[in-house]
Amino acid sequence: MDSFLDIYSASLNKTGEELCGDKVKVIKTPHKIIAVLSDGLGSGVKANILATLTTEIIVTMLRADVPLDEVMRTVIGTLPICKVRKVAYATFTAIEVNQHTNAFKVVNFDNPPPIYLKSGRRVSLESAETRVMDRLIRISEGQLTHGDFLGIISDGVLHAGLGTVWNFGWGWENVAKHLEGAFRRCGHGAKPLVQEVIHKTRALYADAIGDDATLIGLYARRSQRLMILTGPPLDSADDMIQVKRLFDFEGRRVVCGGTTGNIVAEYLGERIDTDLVTLRPDVPPIGKLKGIDLLTEGIITLSKTLDHLRGCRGEDQLLPSDRNGATLLARELLRADSIFFLVGQKINEFYQSPLLPGNLSLRKKLIEEIAQVLIEYHKDIQIEYC
Amino acid sequence: MSTKIDETLYVCMGSACHQSGVYQVLPVLQRLLEEHGFEGHIALKGAFCLGPCMDGIVIKLGERLILQVNLHTIERKFQEEILPLLQQGTQP
Ligand code: FES
């Protein structure tokens, strides 16, 4: 698929609270993307538990393709109602996006309306109202095209600056306007836009954040694709065929593995130049080849890359700043949206050696673990063995 | 002694050789080359897997492979195998 939905969310906890009363959950299945934001009444532990319960119910049911009105009935039927204020103990917004068509549906129960930008300009999103067990639900539908941003906020964002900078808080209109400005200033992508709004929210609250505040952003763009060739093919007669696939690939190209690199060099009729400056005690140096964006050694680098990926929790700014094969590879992976691993399965007898730790012995296992982490970070992953 | 600059010494930095301690061996090799006046005449480069992984660290000079180089053997390997090759190869 050449379209990618970039998703990022950030929350601020009410000052003094360890837990956030807003809960976000995003999952991707092969067919759809589900993002839910629930805001538990009040703050702290109780709010957190209610919001978590709400998001879990919604995500679980939507994932299982339960019809929407049934999901709503279940959630609303489950949520306790506050006796004093006569409101439910948690509000929520759920988005479902079809992975094939990018058609989306937003279901909103008492959260602020979603903010929708097309190429950085706000467009209104019509919503239909319906009642589920006597509670008002707003449903909007549409289709995301490249450059569209869909933002879901909790009311903590709107209340920022209440009584200080703004009489009634920052407010929906101003947040939407701020997003338009952010789109021009901070570049495109879910993360810069969300971070910009959350920073501003924090600033408006000055030193006391009065309410949990959250923004989930979904940004549709052309997919940034990456292909990784790692390991020599089982049958060396296939070597050149697989290398050719790498060069035919449109997107960034990475080769992991010395022997694999040598095969690619042979295809090109070139010599690999290694960059000795990147040699580290625990990571072999990278090499250079024409048309290849990154060439690293295989097993050791992959294993180290896995550590980095886990350690940085999906944020490329949290990677170590050192420039070596593993940090560069981790960065390539984090910056891509969809990653195609072409994994050669020929075994290098040396890997049975006691010099290499046990978990280094299987390229396949390493790749699977890396893929697993990347899926958690919402990447589209495809693996093929050869 | 030597006048040519076109010799390249490839040190394998593939998975196996890297695990055998290339990081520590490289500076020793650099020092030995300097001590014997080869600085500026011999290029020292890294290579990916040169083949005989079980006999790493592997160093390649022209078509010759020097095997089983490590922190303990490097001085001896240099004297007995690398140096003669270099002197031969770089003789006018
Ligand atoms: S890794 Fe050095 S010869 Fe294979």
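Source: prediction; values computed, not measured.

(A) A look at the sheet that holds strand β7 (residues 121–122) of chain A. All names here are of chain A. Read from one edge to the other, the open sheet built from five strands follows the order β1-β11-β10-β6-β7, with strand pairing classed as antiparallel. At either end of the open sheet lies a strand with only one pairing partner, and these are β1 (3–12) and β7. Note that strand β6 (residues 115–118) and β7 share two bridges and pair antiparallel. Bridging from a neighbouring strand, L117 pairs with R122 of β7. Along the sheet face, helix α4 (residues 172–185) touches β6, β7, β10 (148–153) and β11 (213–222) and points at about 30° away from the line of β6. Seen against the sheet, helix α5 (residues 190–205) touches β1, β10 and β11 and runs at an angle of roughly 15° to β1.

(B) Structural context of the interface of chain A and chain B. Taken together, the contact between chain A and chain B spans 30 residues of the former and 20 residues of the latter. At the boundary of chain A with chain B, total buried surface from both sides reaches about 1900 Å², with 68% on carbon and sulfur atoms. The residue B:K45 makes a salt bridge to A:D273 at a minimum N-O spacing of 3.8 Å. Linking chain A with chain B are seven residue pairs in polar contact (both at pLDDT 80 or more), by the criterion used here. Put simply, the parts of the chain that give the side of chain A that touches chain B at least two residues each are α7 (258–268), β14 (273–275), β15 (286–288), β16 (294–296) and α8 (299–311) of chain A. Residue contributions to the side of chain A that touches chain B peak at three residues, all from α7(A). The class makeup of the residues in the side of chain A that touches chain B is 16 nonpolar, eight polar and six charged.

(C) Structural detail: the pairing of strand β9 (residues 135–143) of chain A. Residue and element names in this part refer to chain A. Bridge analysis of strand β5 (residues 103–109) against β9 gives six bridges, and the strand direction is antiparallel. Each residue of the ladder has a partner; that of K105, found in β9, is E141. Pairing of strand β8 (residues 128–132) with β9 involves five bridges; the strand directions are antiparallel. Within the sheet, the bridge partner assigned to T130 lies in β9 and is I137. Where β8 hands over to β9, the hairpin turn is made up of two residues, of which M133 adopts a positive phi near 50°.

(D) Examining a nonpolar patch on the surface more closely. A cluster of nonpolar side chains, contributed by A:L19, A:V45 and A:I49, occupies part of the molecular surface with about 260 Å² of accessible area. A relative accessible area of 36% means that A:L19 is categorised as partly exposed.

(E) Main features of the environment of A:T91. Residues and elements named next belong to chain A. By secondary structure assignment, the location of T91 is in strand β4 (residues 90–98). Taking relative accessible area as the criterion, T91 reaches 15% and is therefore assigned buried. Along the primary structure T91 and L295 are separated by 204 residues, whereas in three dimensions their C-alpha atoms are 49 Å apart. A polar contact of 2.6 Å, which involves the side chain of T91, links it to the side chain of N111.

(F) Seen up close, the domain arrangement of chain A. Residue and element names in this part refer to chain A. As far as domains go, chain A holds domain 1 (4–221) and domain 2 (225–385). Spacing between the C-alpha centres of domain 1 and domain 2 amounts to 37 Å. On the domain 2 side, the residues contacting the seven residues of domain 1 number six residues. Regarding the contact of domain 1 and domain 2, the summed buried area is about 640 Å², with carbon and sulfur atoms giving 40% of it. Looking at the side of domain 1 facing domain 2, the largest losses of area belong to F4, K28 and K191, adding up to 59% of the total buried there. The tally of links from domain 1 across to domain 2 stands at four salt bridges. Run the count over domain 1 and domain 2 and you get five residue pairs in polar contact (both at pLDDT 80 or more). Of all the elements in the fold, those that place two or more residues in the side of domain 1 that touches domain 2 are β1, β2 (22–28) and α5.

(G) Representation of the sheet that holds β5(A). All names here are of chain A. Taken in spatial order, the six strands make up an open sheet running β2-β3-β4-β5-β9-β8, and their pairing is antiparallel. Every interior strand has two partners, whereas the edge strands, β2 and β8, have only one. Between one strand axis and the next, the sheet turns through 15° on average, direction left out of account. Taken strand by strand, helix α2 (residues 68–78) contacts β4, β5, β8 and β9, and its axis lies near 145° from that of β9.

(H) Seen up close, the packing of aromatic side chains. All names here are of chain A. Counted according to the given criterion, the structure contains four aromatic pairs over all chains. A ring pair is formed by F92 and F109, whose centres lie 5.3 Å apart and whose planes are at 45°; its orientation type is tilted. Linking F92 in strand β4 with F109 in strand β5, this pair joins segments that are 17 residues apart in sequence. Neither residue differs from the other here; F92 and F109 are each classed as buried.

(I) Region of interest: the pairing of strand β12 (residues 225–230) of chain A. All names here are of chain A. Burial within β12 is extensive, with five of its six residues counted as buried. Taken together, the six bridges between β12 and strand β17 (residues 338–343) define a ladder with parallel strand orientation. Bridging from a neighbouring strand, M227 pairs with F340 of β17. Relative to strand β13 (residues 252–256), β12 is paired through five bridges, and the arrangement is parallel. Along β13, the bridge assignment pairs L229 with V255. Handedness of the β12-helix α6 (residues 239–248)-β13 crossover: right-handed.

Cut-offs and rules
Here the residue numbers are simple positions, counted from 1 along each chain's written sequence. All chains are assigned letters beginning with A, and all ligands numbers beginning with 1, in the order in which they are written. Where totals are concerned, whole chains, interfaces and linings use all residues; where local detail is concerned, this predicted model gives features only for residues with pLDDT of at least 70, and gives and counts side-chain atom pairs only at 80 or more. Excluding hydrogens and water, the side-chain values take into account all heavy atoms of the structure. Strand pairing is defined by DSSP finding a minimum of two bridges between the two strands. Here a strand is any run of E in DSSP of at least two residues, a helix any run of H or I of at least four, and the numbering for each starts at the N terminus. The contact rule is simple, with two residues in contact once any of their heavy atoms fall within 4.5 Å. Axis definition: a line fitted to C-alpha atoms, limited for helices to the stretch in contact. Angles are taken between N-to-C directions and run from 0 to 180 degrees. Two parts lose some accessible area (1.4 Å probe) when they are put together, and adding that loss for both gives the buried area. For this analysis, a salt bridge means a side-chain nitrogen from Lys or Arg found within 4 Å of a carboxyl oxygen belonging to Asp or Glu. N or O atoms within 3.5 Å of each other form a polar contact, as long as, within protein, one can give a hydrogen and the other can take it, and as long as residues adjacent in sequence are counted only when both atoms are side-chain atoms. Under the scheme applied, nonpolar residues are Ala, Val, Leu, Ile, Met, Phe, Trp, Tyr, Cys and Pro; charged residues are Asp, Glu, Lys and Arg; polar residues are all the others, including Gly. Exposure above 30% relative accessible area and no salt bridge define the residues that can form patches, which grow by joining like charges within 9 Å and nonpolar side chains of Val, Leu, Ile, Met, Phe, Trp and Tyr within 5 Å. Per-residue accessibility takes into account occlusion by the displayed protein chains alone, with areas from the Shrake-Rupley method and a 1.4 Å probe. Note on classification: 1.4 Å probe, protein chains only; a residue is buried when its accessible area is under 20% of the maximum for its type, exposed when over 50%, partly exposed between these limits. Just so you know, the domain bounds were taken from an automatic or database domain assignment. To pair, rings of Phe, Tyr and Trp, with the six-membered ring standing in for Trp, must have centres within 6.5 Å; the planes then decide the type, stacked if under 30 degrees apart, edge-to-face if over 60, and tilted in the middle. We call a crossover right-handed when, viewed with the strands running away from us, the connection from the first strand over the helix to the second turns clockwise.

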